[in-house]
Amino acid sequence: MRNFEYWNPTRLFFGRGETDRVGQECRKYGERVLLAYGGGSIKKTGLYDRIVRRLQEAGCSVTELSGIQPNPRLSKVREGVEICRREKVEVVLAVGGGSVIDTAKIVAAGVCYDGDPWDFFTGKSVPERKLPLGTVLTLAATGSEMNRNAVITNDETQEKLVVKNPVLFPDFSILDPENTFTVPKDHTVYGIVDMMAHVFEQYFHPVPETPLQDRLAESIMKTIIEYTPRVLENPKDYDARATIMWCGTLALNHLIEAGLTGDWATHRMELELSGVYDIPHGAGLAILFPQWMEYVLPLIPKKFAQFAERVWDIPRGNRSDEDLGRAGIERTRQWFREIGAPTRLREVGIGEERLEEMAERVAKRGPIGSVKVLTKEDILTIYRRSL
Ligand code: NZQ
Ligand code: ZN
């Protein structure tokens, strides 16, 4: 196990009815609130009215940043920064999924920075402060509600990049599972793939002797597998939605990566796909992950065998680690198909055309992967096998 520092300052309010706290929690940080949200689902579900009412009751004034799209854009971030400056906003409140929360994070940090917020992504600058930030999560997926990451796409260059900085932890997040009852089936599935992929990234790594981290990761994976059919069959099954929501947060709130170095190559390869082709992040991950797993299987066969046995309950028989591991990978691919995720690039409209250019861009951004540092050729091979 490696040395680590673990710090997570986000205050969580989890459960039915917790949404109604939103006014009082925001008011603790200030009076003028920027309400950030997406394409309108919160208006359809009534959540918008409920939140505005609670904010007003608490004495807050509300300005809006609306229309944040999935795979959120830098132009929207810039718009949000301008609004905050003009309206002298004191608190940013994100109501939505990862796209809305990530936008709100960079708006909140961008207001406190003199230059362009894209500088945070290129390494030209690092966020040093941000406005207070609260979130009301409506889609279980990214973990952004309790982590220090944000992912934004540059409209002009189609680069989709991530920034990781402790400044970006939300101050509080409200996780009311009832707010996820209306998530449509496709986005429920993409969210589930994403949280599962976050666990994979931190489970398959080269650091020896991480038994507790392994078992934490395995229990999250097994719980996701057990509860996915329930949320898909009955989207209003409270305990199933609550369980999946908590899995999503724990999958990427830095707990399970303590003491190890996650791989994250598949995420880096995926962000390139969803940046260029605007596909849902979870769809790209379901396609790439089994291919990456097969590619690196010979390097850590024991870990893949453990995955097959402990997560998928596949009996060893007289198989080698590698053969057992391969059966676990095949089961993972089959599970993605069963729950309705794509497993081929062509299914989401991606062909050979830009694969080389994308592999080059990913490789150029610096070392990628901890199980195996992937070269441009490795990345291209994985993309091609995913066609
Ligand atoms: O925009 P609206 O109308 O709200 O609709 C959204 C959107 O179309 C809809 N939705 C959300 N909650 C709903 C709902 N529809 C009905 N009822 C509800 N309760 O769902 C659609 C997708 O929303 P989005 O926020 O894009 O999904 P997700 O939470 O999966 O976020 C994906 C983004 O997060 C990034 C991804 O790359 C992608 O850009 N990631 C962020 C991470 C982080 N900050 O830590 C890590 C991840 O690995 C990931 O990269
Ligand atoms: Zn992800």
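On a predicted model such as this, the values are computed, not experimentally measured, just so you know.

S.K.: Looking at this structure, how should I read the environment of Arg344?
M.R.: Turning to its location among the elements, Arg344 is positioned in the loop between α13 (321–339) and α14 (355–364). Taking C-alpha positions, Arg344 is 41 Å from Leu131, a pair spaced 213 residues apart along the chain. When residues no more than four places from it in sequence are discounted, the contact partners of Arg344 are Ile287, Gln291, Arg385, Ser386 and Leu387.

S.K.: How should I be thinking about the side chain of Asn8 in this particular structure?
M.R.: Assignment of secondary structure puts Asn8 in the segment before β1 (11–14). In this structure the side chain of Asn8 is engaged in a polar contact, spanning 3.1 Å, whose partner is the backbone nitrogen of Thr10. A polar atom in the side chain of Asn8 sits 2.9 Å from the backbone oxygen of Met146. Asn8 has contacts with Met146, Phe169, Asn253 and His254, leaving out every residue within four places of it along the chain.

S.K.: How do you make sense of the site of ligand 1 when you look at a structure like this?
M.R.: Around ligand 1, 31 residues are found, and the nearest of them are Gly39, Ser41, Gly98, Ser99 and Lys160. A distance of 2.8 Å separates a nitrogen atom of ligand 1 from a polar atom in the side chain of Asp102. Taking Ser144, its side chain carries an N or O atom lying 3.3 Å from a nitrogen atom of ligand 1. Burial of ligand 1 by the protein amounts to 89% of the accessible area it has alone, namely 960 Å². Mapped onto the shell around ligand 1, the elements with two or more residues apiece are α5 (98–110), β6 (149–153), α7 (185–203) and α10 (265–277). Per-domain counts for the shell around ligand 1 show at least three residues from each of domain 1 (11–180) and domain 2 (185–386).

S.K.: Please explain the coordination of the zinc ion (ligand 2) as it appears in this structure.
M.R.: Ideal values differ by geometry: the angle at a metal is 109.5 degrees with four tetrahedral donors, but 90 or 180 degrees with six octahedral donors. The protein atoms that coordinate the zinc ion (ligand 2) are Asp194 (OD), His198 (NE2), His267 (NE2) and His281 (NE2), at distances of 2.0 to 2.2 Å. Spacing between the donor residues of the zinc ion (ligand 2) along the chain follows D-x3-H-x68-H-x13-H. Taken together, the residues span a long stretch of sequence, with His198 in helix α7 and His267 in helix α10 at a distance of 69 residues. Given the relative accessible area of 9%, His267 is considered buried.

S.K.: What am I meant to see in unusual backbone geometry here?
M.R.: Most peptide bonds take the trans configuration, and most residues that are not glycine carry a negative phi. Phi is positive for Asn71, close to 55 degrees, though the residue is something other than glycine. Locating Asn71 in the fold gives a position in the loop between β3 (61–65) and α4 (74–87). By relative accessible area, which is 6% here, Asn71 ends up buried. Positive phi, close to 55 degrees, is recorded for Asp313, a residue that is not glycine. Within the secondary structure, Asp313 sits in the loop between α12 (301–310) and α13.

S.K.: Where do I start with the side chain of Ser274 in this structure?
M.R.: Mapping Ser274 onto the fold places it in helix α10. Once you skip the residues sitting within four places of it in the chain, Ser274 turns out to touch Asn71, Lys160 and Ile279.

S.K.: Sorry, what's going on with the nonpolar core here?
M.R.: Among soluble globular proteins, nonpolar side chains are generally buried collectively. Grouped together as the largest cluster of nonpolar side chains are 101 residues, with contacts concentrated most on Trp292 and Tyr383. Of the residues that make up this core, three or more belong to each of domain 1 (11–180) and domain 2 (185–386). Once residues within four sequence positions are removed from consideration, Tyr383 is found in contact with Met269, Glu272, Leu273, Leu288, Leu345, Leu355, Met358, Ala359 and Val362. With 19 residues, the next largest nonpolar core counts Ile42, Tyr48, Val52 and Phe172 among its residues.

S.K.: Is there a simple way to think about the pattern of salt bridges in this case?
M.R.: Opposite charge on two side chains lets them pair, provided their charged atoms get close. Under the defined criterion, the tally for this structure stands at 36 salt bridges. Measuring nitrogen to oxygen at the nearest pair gives 3.1 Å for the salt bridge that ties Glu294 to Arg333. Taken as a pair, Glu294 in helix α11 (residues 281–296) and Arg333 in helix α13 lie far apart in primary sequence, 39 residues in all. Given a relative accessible area of 6%, Arg333 falls into the buried group. The structure contains a network of salt bridges with shared partners spanning Glu18, Arg21, Glu25 and Lys28.

S.K.: What exactly am I supposed to notice about the UniProt feature "domain: Fe-containing alcohol dehydrogenase-like C-terminal" (unreviewed entry) in the protein chain here?
M.R.: Cross-referencing UniProt, the feature "domain: Fe-containing alcohol dehydrogenase-like C-terminal" (unreviewed entry) maps to residues 188–386 in the present numbering. Annotation note: span residues 188–386, helix share 66%, strand share 0%, distance between end C-alpha atoms 23 Å.

S.K.: Just checking my understanding: could you explain the domain arrangement of the protein chain for this structure?
M.R.: Accessible area lost upon the coming together of the parts is a frequently used measure of interface size. Assigned domains of the protein chain: these are domain 1 (11–180) and domain 2 (185–386). Computed over C-alpha atoms only, the centres of domain 1 and domain 2 are separated by 27 Å. Between domain 1 and domain 2, roughly 2400 Å² of surface is buried when both sides are summed, and carbon and sulfur atoms account for 57% of that area. Along the contact surface separating domain 1 from domain 2 lie three salt bridges. Scanning the region where domain 1 abuts domain 2 turns up 10 residue pairs in polar contact (both at pLDDT 80 or more). Elements supplying a minimum of two residues to the side of domain 1 that touches domain 2: β1, β6 and β7 (160–164).

S.K.: Is there a simple way to explain the sheet that holds β1 in this structure?
M.R.: In spatial order, the strands read β1-β8-β5-β4-β2-β3; together these six strands make up an open sheet with parallel pairing. One side of each edge strand has no neighbouring strand; the edge strands of this open sheet are β1 and β3. Ignoring strand direction, the axes of neighbouring strands in this sheet form an average angle of 20 degrees. Of the pairings in the sheet, the one linking strand β5 (residues 133–137) to strand β8 (residues 172–175) comprises three bridges and is parallel in character.

Each value, and the rule that gives it
- Residues numbered from 1 in each chain as written.
- Chains lettered and ligands numbered in written order.
- Predicted model: local features only at pLDDT ≥ 70, side-chain atom pairs only at ≥ 80, totals over all residues.
- Heavy atoms only, no water.
- Helix = DSSP H or I, 4+ residues; strand = E, 2+ residues; numbered from the N terminus.
- Contact = heavy atoms within 4.5 Å.
- Polar contact = N/O pair within 3.5 Å; in protein donor to acceptor, adjacent residues only side chain to side chain.
- Near = heavy atom within 4 Å.
- Areas by Shrake-Rupley, 256 points an atom, 1.4 Å probe, with all protein chains shown as cover.
- Domains from an automatic or database assignment.
- Donors = N, O, S within 2.8 Å, 3.2 Å for Na, K, Ca; no water.
- Buried < 20%, exposed > 50% of the residue type's maximum accessible area, 1.4 Å probe, protein only.
- Core = buried A, V, L, I, M, F, W, Y, C linked by side-chain atoms within 4.5 Å.
- Salt bridge = Lys/Arg side-chain N within 4 Å of Asp/Glu carboxyl O.
- UniProt positions renumbered as here; feature names shortened; annotations may be inferred.
- Buried area = accessible area lost by both parts, 1.4 Å probe.
- Pairing = 2+ DSSP bridges.
- Axes fitted to C-alpha atoms, helices over the stretch in contact; angles between N-to-C directions.

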